[in-house]
Amino acid sequence: MKALKELSNNQRVAIVISGIYVFWVLGMLFVANDHLLWDFKVYSSAATAYHLGLNPYHLDGSLQPHQNVASLPFMYPPLALYYYVPFAWLPSGLAIPVFSSIKFLALCGLFFVWDKIVPLQKHAPVFLMFSFFAFNAALHRDLISGNISVFEQLLLWIGIYYFIEGKIWHFGYLIVLVSTVKLLPIVFLGFLLLSDKRDKYKAVIWFLALFIFYLGLNYVLEPTLTPIYVESFVSANVNSIASNDHNAGGINNASTYEFMKALPAMLSVDFSGTVPLVLYILLAIGVTLITWQSLRPIMYSTERDHKLMLVFTLSMLVLLILPRVKDYSYILAVLPTFHIMVRNRLRDSLLVLLVLICLSARDLKAPIFSEMLVYYWDFYTLVLSGVVWGLYIREVREVGAPNNSEPESLVGLVERV
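Predicted model, so just to flag it, every value in this text is computed and none were measured. (Residues numbered from 1 in each chain as written. Predicted model: local features only at pLDDT ≥ 70, side-chain atom pairs only at ≥ 80, totals over all residues. Heavy atoms only, no water.)

Turning to the environment of Gly-250, a few remarks are in order. Along the chain, the position of Gly-250 falls in the loop between helix H11 (241-246) and helix H12 (256-267). Classification of Gly-250 by relative accessible area gives buried; the value is 14%. Taking C-alpha positions, Gly-250 is 9.5 Å from Tyr-376, a pair spaced 126 residues apart along the chain. Leaving out residues up to four positions away in the same chain, Gly-250 has contacts with Asp-378 and Phe-379. (Helix = DSSP H or I, 4+ residues; strand = E, 2+ residues; numbered from the N terminus. Buried < 20%, exposed > 50% of the residue type's maximum accessible area, 1.4 Å probe, protein only. Contact = heavy atoms within 4.5 Å.)

See below:
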């Protein structure tokens, strides 16, 4: 009770909103989940098909033992099926509660790791509400879809914690592990290139070799399924991974590449073919070079504040350069964004408020903006990530500027806020 009395009115409101939301989501996951958890139902259906000796990569009415609510293919390497086979052994009515319970524990673990990286106790109520609703409610999207992003983010942030602590080998093994399902997280091995450890190049070579070994192991252990999995990425079949995912853009896949593909319609110009791909590559190279140049002054610093700035800037960079960034993938941006908001709480507040007020409606009745906002809302999570990346670039340049005063420690910053 004493702790509640010490909270501000804003924090109390945040606790009430977060509490209502948590109970509502738990009710949906464990009770009214008939039209939810579609990704998990795809996973478990694929695992059941595999367990029965059938092809998990083909959508077929006979292979829907868990009543999928979405006609989506299984999109991961054959060995990733091994993670889901235990759910195929469970009765269909028990698999979802077990999965949801494990995921809720993983979510609690994620908040615990976030707090280990950045002390959040003083802002816990506000951060809790922020984490559920930020970036088009990315965390909520993961919970109701039954995706594995919370597990992915838990392992990833444990790895980042180890990276900050200088344990790059722990970091590398976790990155390889998290990349055994969705392959794209392997790009986080690039963090090692900015480490101050002497054996970082040895670590990069070892972990890339380990990842390649895993890919090859798919061919060894699943020689029949692996070619089907690879072919599905380029197939024009309506049931293939390519048809169901690679052509999906907008708010569900707000990546820079998809933004470039939408650019011709946005600008009312006619260019297609490889032009969007070239523009995407050029932009990815550009923001990567800007990030590299900006981080150089603090790249090998042993100060924890500098390491935080390093990993948060790189995390936002990853969101900007990956060709595929699903809505739930933006969970990655939650902690870096909250950190920079607290850090810069007295800066740019007027400009941010003006932007929010002026661009607060999709059907904005203003010249130029009315057309622009149609695409802005389709890619606004990407736009926000770009803004946060820009804030970090400005911050690291100021922190690393010559004759700059010693940066305030994170603990001192939190106490002062």
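Alright, that's what it looks like, and here's the rest.
On to unusual backbone geometry, then. Backbone geometry places Phe-135, a non-glycine residue, at a positive phi of 55°. Using a relative accessible area of 6% as the deciding quantity, one classes Phe-135 as buried. Although it is not a glycine, Ala-137 adopts a positive phi angle of roughly 55°. Its location among the elements puts Ala-137 in helix H6 (residues 124-145).

Before going further, it helps to examine the pattern of salt bridges. Scanning the model with the defined rule gives 7 salt bridges in all. Asp-327 is the salt-bridge partner of Arg-141, the closest N and O atoms lying 2.8 Å from each other. A residue pair is termed long-range when its members are at least 10 positions apart, and Arg-141 in helix H6 and Asp-327 in the loop between helix H14 (304-321) and helix H15 (334-343) qualify at 186 residues. Between Lys-261 and Glu-258 there is a salt bridge, with the nearest N and O atoms lying 3.4 Å from each other. (Salt bridge = Lys/Arg side-chain N within 4 Å of Asp/Glu carboxyl O.)

Moving on: the confidence of the model for the chain. With 77% of its residues at a pLDDT of 70 or more, the chain has an overall mean of 81. Under a pLDDT of 50 for its full length, residues 61-67 has, in the predicted model, 15 contacts with residues more than four places off or in other chains. Per-residue pLDDT stays below 50 along residues 404-417; that stretch engages in 26 contacts with residues further than four places along the chain or on separate chains. (pLDDT = per-residue confidence, 0-100.)

This brings us to the environment of Leu-184. Position of Leu-184 among the secondary structure elements: in the loop between helix H8 (168-178) and helix H9 (200-221). A sequence separation of 134 residues divides Leu-184 from Val-318, and the C-alpha atoms of the two residues are 10.0 Å apart. Not counting chain neighbours up to four residues away, the residues in contact with Leu-184 comprise Leu-322 and Arg-324.

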